[in-house]
Amino acid sequence: MTQRTLATFMLALGLATLAGCASPTVITLNDGREIQAVDTPKFDSDSGFYEFKQLDGKETRINKDQVRTVKEL
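Basis of the calculations
Sequence order as written defines the numbering, with residues in each chain counted from 1. It should be noted that, the model being predicted, local features are given only for residues of pLDDT at least 70 and side-chain atom pairs only at 80 or more, the latter also being counted only at that level, while totals for whole chains, interfaces and linings use all residues. Side-chain metrics rest on all non-hydrogen atoms present in the structure, leaving aside hydrogens and water. Think of it this way: a Phe, Tyr or Trp ring, Trp meaning its six-membered ring, pairs with another when their centres are within 6.5 Å, and the plane angle makes it stacked under 30 degrees, edge-to-face over 60, tilted otherwise. Think of it in three bands: with a 1.4 Å probe and only protein chains considered, a residue is buried below 20% of the maximum accessible area for its type, exposed above 50%, and partly exposed in between. Two conditions define a charge sitting above a ring: the NZ of Lys or the CZ of Arg must be within 6 Å of the ring centre, and it must be within 35 degrees of the ring normal. Should DSSP find at least two bridges between two strands, the strands are taken to pair. A run of H or I in DSSP counts as a helix once it spans at least four residues, and a run of E counts as a strand once it spans at least two, with each numbered from the N terminus. Here an axis means a line fitted to C-alpha atoms, over the contact stretch when the element is a helix, while the angle between two N-to-C directions is reported on a 0 to 180 degree scale.

If you look the protein chain up in an unreviewed UniProt entry, it shows as YgdI/YgdR family lipoprotein from Pseudomonas fungipugnans.

Spelled out as structure tokens, the structure:
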């Protein structure tokens, strides 16, 4: 019974850790459109683009000049 309790505890701890990493984000563009991202976008300073995954799983890149705000939900 002790092993099962330990395994359950480790599973719960792992899931809590993963849930804490994801922070849904809304990206507002200069034209007023809003795009929801699964996590905080990463900015690639070499290319000048924000890179992120949309809620439907599609990988997307947007030029920083088109972005008005990036807010976590």
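Details of the packing of aromatic side chains
On inspection of all chains with the given rule, the structure shows one aromatic pair. With 5.0 Å between their ring centres and 55 degrees between their planes, Phe-43 and Tyr-50 make a pair best called tilted. On the accessibility criterion, Tyr-50 (23% relative accessible area) is partly exposed. The positively charged end of Arg-61 is found above the aromatic ring belonging to Phe-49, 4.5 Å away from the centroid.

Brief notes about the sheet that holds strand β1 (residues 25-29)
The strand order β2-β1-β6 describes an open sheet built from three strands, whose pairing is antiparallel. The open sheet terminates on both sides in strands that have one partner only, identified here as β2 (34-37) and β6 (67-72). For this sheet the average axis-to-axis angle between neighbouring strands, irrespective of direction, equals 20 degrees. The pairing of β1 with β6 spans five bridges and is antiparallel. In the sheet register, Thr-28 faces β6, and the bridge partner there is Thr-69.

What about the sheet that holds strand β5 (residues 59-63)?
With antiparallel pairing, the three strands of this open sheet are ordered in space as β3-β4-β5. The open sheet has two edge strands with one neighbour each: β3 (42-44) and β5. For this sheet the average axis-to-axis angle between neighbouring strands, irrespective of direction, equals 30 degrees. Bridge count between β3 and strand β4 (residues 49-53): three bridges; the pairing is antiparallel.

Remarks on the pairing of β4
The antiparallel pairing of β3 with β4 creates a hairpin that spans four residues between the two strands, and Gly-48 there sits at a positive phi of about 80 degrees. Of the pairings in the sheet, the one linking β4 to β5 comprises five bridges and is antiparallel in character. Paired with Lys-53 across the bridge in β5 is Glu-59. From the end of β4 to the start of β5, which pair antiparallel, there are five residues, and Gly-57 there has a positive phi angle of about 95 degrees.

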